[in-house]
Amino acid sequence: MWLFLILVLVPIIEIALFIQVGGFLGLWPTLAIVILTAFAGTALLRSQGFAVMGQLQNSMARGESPVNPMVNGALILVAGVVLLTPGFFTDAVGILLLIPPVRAAIIKWGGAKMLNSANVHIYSNQPEQPQQREPSNTVEGDFSVIDDDQDPGNSGWTKH
């Protein structure tokens, strides 16, 4: 339903804005503004995209969660798509999405909305009652010899 409304309302808004701005400025200035905003949006998209890629690489190098840079990157991608769509309304939405505090607010709102609507189901093949185990210092495991030149007997490990 939401997608249908967006696909119907956005073109109506764009046509109305084109008529209003074109009636005020004329045809050629209106077209020039649309073309200039597409170029400016592309330049902003490029710089913001490189900045987010750097943040993504830094967060992964530090071992942190890359979720925030990835969501920022997705919103920048959406900004790029709507900036390349001709129109004043879509250009305004695209430029807003390129502003980091606006993206942060959208992420915060969307994250809260997702948390409120999340359903968690836990499935297990374990019996209902947990099994009690005694604490043990024994660790079980398997290994395989990677380097045949070394004698595994020298390391103190035994092969089972």
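Here is what the cut-offs are and how they apply
Residues numbered from 1 in each chain as written. Predicted model: local features only at pLDDT ≥ 70, side-chain atom pairs only at ≥ 80, totals over all residues. Heavy atoms only, no water. Helix = DSSP H or I, 4+ residues; strand = E, 2+ residues; numbered from the N terminus. Buried < 20%, exposed > 50% of the residue type's maximum accessible area, 1.4 Å probe, protein only. Contact = heavy atoms within 4.5 Å. Areas by Shrake-Rupley, 256 points an atom, 1.4 Å probe, with all protein chains shown as cover. UniProt positions renumbered as here; feature names shortened; annotations may be inferred. Core = buried A, V, L, I, M, F, W, Y, C linked by side-chain atoms within 4.5 Å. Lys, Arg positive; Asp, Glu negative; His and termini not counted. Salt bridge = Lys/Arg side-chain N within 4 Å of Asp/Glu carboxyl O.

Draft legend 1. Here's a closer look at the overall build of the chain. If you tally the helices and strands in the chain, you get five helices and zero strands. Listing every helix and strand of the chain by position from the N terminus yields α-α-α-α-α. Looking at the chain residue by residue over its 160 residues, the buried ones come to 15%. Contacts in the chain between residues at least 24 apart in sequence constitute 54% of all its contacts with a sequence separation of at least 6. Carbon and sulfur atoms provide 66% of the accessible area of the chain, an area that totals close to 13400 Å².

Draft legend 2. Structural context of the environment of Gly80. Looking at the element boundaries, Gly80 is found in helix α3 (residues 67–84). In this structure the C-alpha to C-alpha distance between Gly80 and Leu98, which are 18 residues apart in sequence, comes to 8.8 Å.

Draft legend 3. Inspection of the UniProt feature "transmembrane region" (unreviewed entry) in the chain at higher detail. UniProt's feature table lists "transmembrane region" (unreviewed entry) at residues 28–53 and 74–99, given in the numbering used throughout. Between the C-alpha atoms that bound residues 28–53 there is a distance of 37 Å. The span itself is 100% helix and 0% strand. Between the end C-alpha atoms of residues 74–99 there is a gap of 14 Å, over a span that is 81% helix and 0% strand.

Draft legend 4. Representation of the environment of Pro86 in the model. Positionally, Pro86 belongs in the loop between α3 and α4 (88–97). According to the relative accessible area criterion, Pro86 is exposed, its value standing at 54%. When the C-alpha atoms of Pro86 and Val34 are compared, they prove to be 6.3 Å apart, with 52 residues separating the residues in sequence. If near-sequence neighbours (up to four positions away) are discounted, Pro86 is found in contact with Glu14, Phe18 and Val34.

Draft legend 5. How the structure looks around the nonpolar core. Among the nonpolar cores identified, the biggest contains seven residues, and these are Val52, Leu75, Ile76, Ala79, Leu83, Leu97 and Leu98. At four residues, α3 tops the list of elements feeding residues into this core. In this view, Leu75 contacts Leu97, Arg103, Ile106 and Ile107; residues no more than four positions away in its chain are not counted.

Draft legend 6. Just the side chain of Glu14, in detail. Note on placement: Glu14 falls in helix α1 (residues 2–25). One buried charge, Glu14, has no salt-bridge partner; the nearest side chain with opposite charge is Arg103, at 19 Å. Excluding residues within four positions of it along the chain, Glu14 makes contact with Pro86, Gly87, Phe88, Phe89 and Thr90.

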